[in-house]
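Structural characterization, general
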Amino acid sequence: MELYHRYGPALLRKCERMLGSRADAEDVVQALFLDLLRKGRTDVDLPYLYQAATRRSLNVIRDGRRRAELLSRHGDALVPRQGAVDERVIDAELVRRLCASLPEQTAEIAVYAFLDRMSQEEIASLCGLSRKTVGKRLEQVRQAAAGLVGGAP
Amino acid sequence: MSHPVSHLRLERYHLGELPPADRDGVARHLETCAECRTLLDEIAADDRPLPDLPLPDLPTLEVEPAGGARGGVVRGPARWWAVGGGALLALAAGAVLVLRAPGPLPPGEVAWKGGVLAVELARERDGQVHERPATYRDGDRIQVRVSCPPGEQVGVGVRQGDEWSWPLPPVACGNRVVAGALALSGGQQTAICAVADPVAGTAPPPGQAACVVLRGE
Ligand SMILES: [Zn+2]
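A quick note: this is a predicted structure, and the numbers were derived from the prediction, not measured.

A separate point is the overall build of chain A. Counting its secondary structure elements, chain A contains eight helices and zero strands. Each helix and strand of chain A, ordered N terminal to C terminal, gives the series α-α-α-α-α-α-α-α. Restricting the contact set of chain A to residue pairs at least 6 apart, pairs at least 24 apart contribute 68%. For chain A, the computed accessible surface area is about 6900 Å², with 50% contributed by carbon and sulfur atoms.

Listed below in structure tokens is the structure:
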């Protein structure tokens, strides 16, 4: 499948960044392309696939049975903090923890902003949202992060 | 944290898929940003193998040798029917048998909805793929690809003798879309067709199907 060879590597890198595991990334990307094959979809580009891969990876993260394993993959290395959260501490592990509890769309936006380094404009365009909505969601993410980092031991 | 150039834009830059204006902007940024240059180098250097994409669980159609009063018999069941157990299998096998459409086979390509409706096959045998085969033998796996105007949907019909069966689910149109794969056996001449506006239980009218014929070896 041509699409798989063209976009597979980029999607594997992306999912690995989200999930912290190459094996989990491979599962997500394979499932995504098998689904496309079954549906006969060939009219897709990388932004579309990026979004689809993000949602599938979020499902893995949010899947209660797997959450414990994913969260413990890198140990609990967060340093307790008080007050506002420095964006530099919103790393992959914290995003995974946040995603397990944030509303779906907010979690997706958190991934784009903090793991994929997208600007608010780029997120707005990818998700078909206004820049203002993206800004509001990111504020929720920051508050949730501050709660998590400030409260958890 | 966001950065002037996201991972997605770097990936698209690497693939040469960014619009020209955006591409130039990324190129300028790369001149001054060591972090992005490193990321781009990592993308280019990532030669980890892409895992094999297992073929989806595709339906299987088996054809018994001719000889009975009805000629060829389509034996289901497709594997995606198999989950329901024996009763469902029997139902499915019965459901795919449709009937009596004498007359010449439609051509391999027909004009349809301002475009073309076409079907094309590939045959997999002992790990070797043969494009556009004219024959088949037991154990071959036949991949069916259809082409038709985007936005439309077509069915895949199989004709043996005067019987039509519909072993694959309908397909959303596109250019050479993989509709699925079939296992054929029995040696009977078989036409595999992309069918416009398929109606279950009826043979397609002339001009509504594009077919390729396979002979048994
Ligand atoms: Zn940079």
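Let us keep going from here.
We now examine the environment of Glu120 of chain B. Residue and element names in this part refer to chain B. Looking at the secondary structure, you find Glu120 in strand 4 (residues 115-125). The class for Glu120 is buried, based on a relative accessible area of 13%. Taking the C-alpha atoms as reference points, Glu120 and Arg176, separated by 56 residues in sequence, lie 7.8 Å from one another. In terms of polar contacts, Glu120 uses its side chain to reach the side chain of Arg145, at 2.8 Å.

The next thing to look at is the interface of chain B and chain A. At the junction of the two partners, chain B supplies 31 residues and chain A supplies 34 residues. Inspection of the chain B/chain A interface yields five salt bridges. For Glu16 of chain A, the salt bridge identified is with Arg48 of chain B, shortest N-O distance 3.0 Å. Summed over the shared surface of chain B and chain A, the result is 12 residue pairs in polar contact (both at pLDDT 80 or more). Taken together, the elements giving at least two residues each to the side of chain B that touches chain A come down to helix 1 (7-15), helix 3 (34-45) and strand 10 (177-183) of chain B.

With that settled, the discussion passes to the confidence of the model for chain B. Residues and elements named next belong to chain B. Across chain B, pLDDT averages 73, with 73% of residues at or above 70. Per-element confidence in chain B ranges from a low mean pLDDT of 31 for helix 4 (residues 86-95) to a high of 97 for helix 1. Counted against residues more than four places away or in other chains, residues 57-103, with its pLDDT under 50, gives 91 contacts. In the predicted assembly, ipTM is 0.86 and pTM is 0.55.

Quick look at the pairing of strand 11 (residues 190-196) of chain B now. Residues and elements named next belong to chain B. Counting buried positions over the seven residues of strand 11 gives seven, a clear majority of the element. Both faces of strand 11 are covered, namely the face carrying Thr190, Ile192, Ala194 and Ala196 and the face carrying Ala191, Cys193 and Val195. As judged from the six bridges shared by strand 11 and strand 12 (residues 209-216), these two strands associate in the antiparallel manner. Within the sheet, the bridge partner assigned to Ile192 lies in strand 12 and is Val212.

Bringing the confidence of the model for chain A into the picture now. The predicted model of chain A has a mean per-residue pLDDT of 83, with 80% of residues at 70 or higher. Contacts for the low-pLDDT stretch residues 74-85 of chain A, under 50 throughout, to residues beyond four places or in other chains number 25 contacts.

Turning our eyes to something else, we now look at the pattern of salt bridges. What the rule picks out here adds up to 26 salt bridges over all chains. Across the salt bridge formed by Arg123 of chain B and Glu217 of chain B, the nearest N and O atoms sit 3.4 Å from each other. Here the residue Arg123 of chain B occupies a position in strand 4, and Glu217 of chain B occupies one in the segment after strand 12, the gap between them amounting to 94 residues. Given a relative accessible area of 11%, Arg123 of chain B falls into the buried group. A network of salt bridges, in which partner residues are shared, links Arg13, Glu16, Arg22 and Glu26 of chain A together with Glu11, Asp46 and Arg48 of chain B.

Next up on the list: the packing of aromatic side chains. Residue and element names in this part refer to chain A. Inspection of every chain in the model, using the stated rule, returns one aromatic pair over all chains. Here the aromatic rings of Tyr4 and Phe33 are separated by 5.0 Å at their centres, their planes lie at 70 degrees, and the arrangement is edge-to-face. Here Phe33 lies in helix 2 (residues 22-39) and Tyr4 lies in helix 1 (residues 2-19), a separation of 29 residues in the sequence. With respect to class, Tyr4 is no different from Phe33; both count as buried.

Calculation rules
- Residues numbered from 1 in each chain as written.
- Chains lettered and ligands numbered in written order.
- Predicted model: local features only at pLDDT ≥ 70, side-chain atom pairs only at ≥ 80, totals over all residues.
- Heavy atoms only, no water.
- Helix = DSSP H or I, 4+ residues; strand = E, 2+ residues; numbered from the N terminus.
- Contact = heavy atoms within 4.5 Å.
- Areas by Shrake-Rupley, 256 points an atom, 1.4 Å probe, with all protein chains shown as cover.
- Buried < 20%, exposed > 50% of the residue type's maximum accessible area, 1.4 Å probe, protein only.
- Polar contact = N/O pair within 3.5 Å; in protein donor to acceptor, adjacent residues only side chain to side chain.
- Salt bridge = Lys/Arg side-chain N within 4 Å of Asp/Glu carboxyl O.
- pLDDT = per-residue confidence, 0-100.
- Pairing = 2+ DSSP bridges.
- Phe/Tyr/Trp six-rings, centres within 6.5 Å; stacked < 30°, edge-to-face > 60°.

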